[in-house]
Structures are given as structure tokens and as C-alpha cells.
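# Residue-level structural notes
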Amino acid sequence: MKTRIAVFVSGGGTNLQALIDFQRDGKLKDGEIVLVISSNPSAYALERAAKADIKSVTVAKKDCATQQEFEEKIISELEENGIEMIVLAGFMSILSADFTRRYEDRIINVHPSLIPSFCGKGMYGLRVHESALSYGVKVTGATVHFVNEIPDGGKIILQKSVRILQSDNAESLQKRVMKLAEWDILPRATQMVAKAIRMEKR
Ligand code: GRF
């Protein structure tokens with residue numbers, strides 16, 4: 001049986017879309033996206049899931065008294081749906097060590113820089129690209145890595161570089177990194193990990 005995947009989102013969901021397109025094209029050979037979990041009830045990612053006929057649920061942190069309650073709600077969704085692998089695709093909440101240990105080597109994330117540059121706590125969104133530009137690096141990119149208790153600290157699965165242009169600002173760089181790197185390596189890494197999990201079950 002294919003590895004059952006949940007994708008966690010909070011926003012626009014362009015990375016989710018890249019995964020949906022990859023699946024539609026028959027390239028997600030060893031996995032199936034069966035659930036989308038959003039931390040934000042108005043995330044456009046939810047519409048993308050609906051259009052692709054993928055079940056989705058919102059678990060909003062503000063409706064939970066504690067991080068533990070938030071994670072318990074997520075875990076019950078994961079268990080109800082037989083989820084074996086989690087892809088973080090623009091998910092804006094940090095997961096506790098209890099959560100990440102429970103799914104060791106089963107959670108992957110995409111980060112918009114070449115780790116270990118411009119990563120770690122507080123490094124997300126445009127800030128990553130602003131930092132790369134102000135440091136003056138000539139090459140940046142994206143990284144897909146396993147998720148552990150250290151923000152952006154888990155084992156690296158795939159990386160892809162993107163050249164910085166003299167004309168770049170943070171917005172233009174963010175767009176190019178997504179288009180050239182994130183939307184390419186996140187689906188490919190998802191397939192790699194889904195395959196490894198499927199093999200383990202044999
Ligand atoms: C991406 O830049 C991703 O690297 C980061 O959040 C952004 C998500 O965008 N973690 P989207 O919701 O997939 O469009």
C-alpha cells in the first residue's frame with residue numbers, strides 16, 4: 001500500500017499545489033496525499049485541496065488552550081486517517097519535541113535557503129531572503145529536511161541552488177526560489193521518503 005501522507009499548511013499553498021500536480025502527473029509513485037491540515041481557517045491552500053478532492057481539516061491554535069491540546073487534536077486527525085508521513089508546506093506553527101519524536105524520520109519540511117545559512121528560529125518568509133540579500137551571498141536556494149526538535153535542524157534530504165541577481169529584492173528572490181527550487185525539490189523529496197517508508201513496511 002502507498003504511504004499515506006498529510007500535508008500541513010497555513011497560507012497560500014503553492015507548495016501544496018506543486019505536490020498535487022506531481023501526484024496528478026503520476027510521479028508520486030509510492031505515496032498518496034490523503035489529508036491536508038491547515039492551522040488557518042482562511043488559508044487559500046484549503047481551496048486547492050478541495051479542488052483536488054483531498055480531504056482537509058483546520059486545527060487552529062487560537063482555539064486551543066495549550067500547545068499540547070493543539071498537537072493532540074492534530075494527532076487524532078492523523079490517527080483517524082492512518083497517516084504515515086507528514087509534509088510541512090508553509091506550516092507556520094512550531095511542533096514540540098514530543099510531536100517530532102513521535103514521527104521521527106516521518107516529517108519533512110521545505111525551507112527557502114541553503115541550510116545551514118539563513119535558518120533557525122525566527123527565520124521564515126521574506127526575512128530569509130532579506131538576510132541573504134543583506135549578507136551579499138551570490139547563491140541561495142531551498143532545502144528539504146527531516147524535522148526534529150531543532151528548528152531547521154534535521155537531516156538534509158535535497159537542496160537546490162538559485163543564483164541571486166543584482167536586480168533582486170526580497171520579493172523577487174522569494175518568488176524565484178519557490179519557482180526554481182521549492183516546487184521542484186519538495187515533491188521529489190516527498191516521493192523519496194514515501195518510498196523509503198513503503199519499503200520498510202515490506
Ligand atoms: C515557502 O516559502 C516555504 O519555504 C515556507 O513558506 C512558504 C510557503 O508558501 N516554509 P506556500 O504556502 O507553499 O505558497
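The structure presented is a predicted model; accordingly, all values stated were derived computationally and were not measured. (Residues numbered from 1 in each chain as written. Predicted model: local features only at pLDDT ≥ 70, side-chain atom pairs only at ≥ 80, totals over all residues. Heavy atoms only, no water.)

Right, let's talk about the site of the ligand for a bit. Every residue near the ligand is listed here: Gly12, Gly13, Thr14, Asn15, Gly90, Val110, Pro112, Met178 and Glu182. In the environment of the ligand, an oxygen atom lies 2.8 Å from a nitrogen or oxygen atom belonging to the backbone of asparagine 15. A distance of 2.6 Å is found between an oxygen atom of the ligand and a side-chain nitrogen or oxygen belonging to glutamate 182. Those elements that provide at least two residues to the shell around the ligand are helix H1 (14-24) and helix H6 (170-201). Along the lines of polarity and charge, the residues of the shell around the ligand split into three nonpolar, five polar and one charged. (Near = heavy atom within 4 Å. Polar contact = N/O pair within 3.5 Å; in protein donor to acceptor, adjacent residues only side chain to side chain. Helix = DSSP H or I, 4+ residues; strand = E, 2+ residues; numbered from the N terminus. Nonpolar A, V, L, I, M, F, W, Y, C, P; charged D, E, K, R; others polar.)

Before going further, it helps to spend a moment on helix H2 (residues 44-51). Turning to H2, its buried residues are Ala45, Leu46, Arg48 and Ala49. Around the axis of H2, the buried residues are gathered within 160° of arc, so they sit on the same side. Across from the buried face of H2, at angles greater than 90 degrees, the exposed residues are Ala50 and Lys51. Close packing links the buried residues of H2 with strand S1 (3-9), H1, strand S2 (31-38) and strand S3 (55-58). Among the residues trailing H2, aspartate 53 stands out with phi positive, at a value near 65°. (Buried < 20%, exposed > 50% of the residue type's maximum accessible area, 1.4 Å probe, protein only. Arc of directions from axis to C-beta. Contact = heavy atoms within 4.5 Å.)

A few words now on the nonpolar core. Note that soluble globular proteins tend to have their nonpolar side chains buried in a common cluster. Membership of the largest hydrophobic core comes to 38 residues, with the highest contact counts inside it found for Val7, Met85, Val87, Ile108, Val144, Ile157 and Leu186. Here this core gets nine residues from one element, more than from any other, and that element is H6. In this structure valine 7 touches Leu16, Leu19, Ile33, Leu35, Val36, Ile37, Val87 and Ala89, once residues within four positions along its chain are discounted. Counting residues in each nonpolar core, the second largest holds 21 residues, with Phe8, Val34, Leu88 and Leu95 among its members. (Core = buried A, V, L, I, M, F, W, Y, C linked by side-chain atoms within 4.5 Å.)

The subject of this paragraph is the pairing of strand S4 (residues 85-88). Side chains Met85 and Val87 project from S4 onto one buried face, and the interleaved Ile86 and Leu88 project onto a second face that is buried too. Relative to S4, S1 is paired through four bridges, and the arrangement is parallel. Within S4, the position partnered with isoleucine 5 by the bridge is methionine 85. Across three bridges, the pairing between S4 and strand S5 (residues 107-111) is parallel. (Pairing = 2+ DSSP bridges.)

Turning our attention to the side chain of glutamine 191. The topology assignment puts glutamine 191 in helix H6. You can call glutamine 191 buried: its relative accessible area is 13%. Within the structure, the side chain of glutamine 191 is placed 3.1 Å from the backbone nitrogen of lysine 29, a separation counted as a polar contact. A polar atom in the side chain of glutamine 191 sits 2.6 Å from the side chain of aspartate 30.

Position of leucine 114 relative to the elements: it lies in the loop between S5 and helix H5 (126-135). Judged by relative accessible area, leucine 114 falls into the partly exposed class, the value being 23%. Sequence-distant contacts of leucine 114, that is, excluding residues within four places in its chain, are made with Val139, Thr140, Gly141, Ala142, Thr143, Gln159, Lys160 and Ser161.

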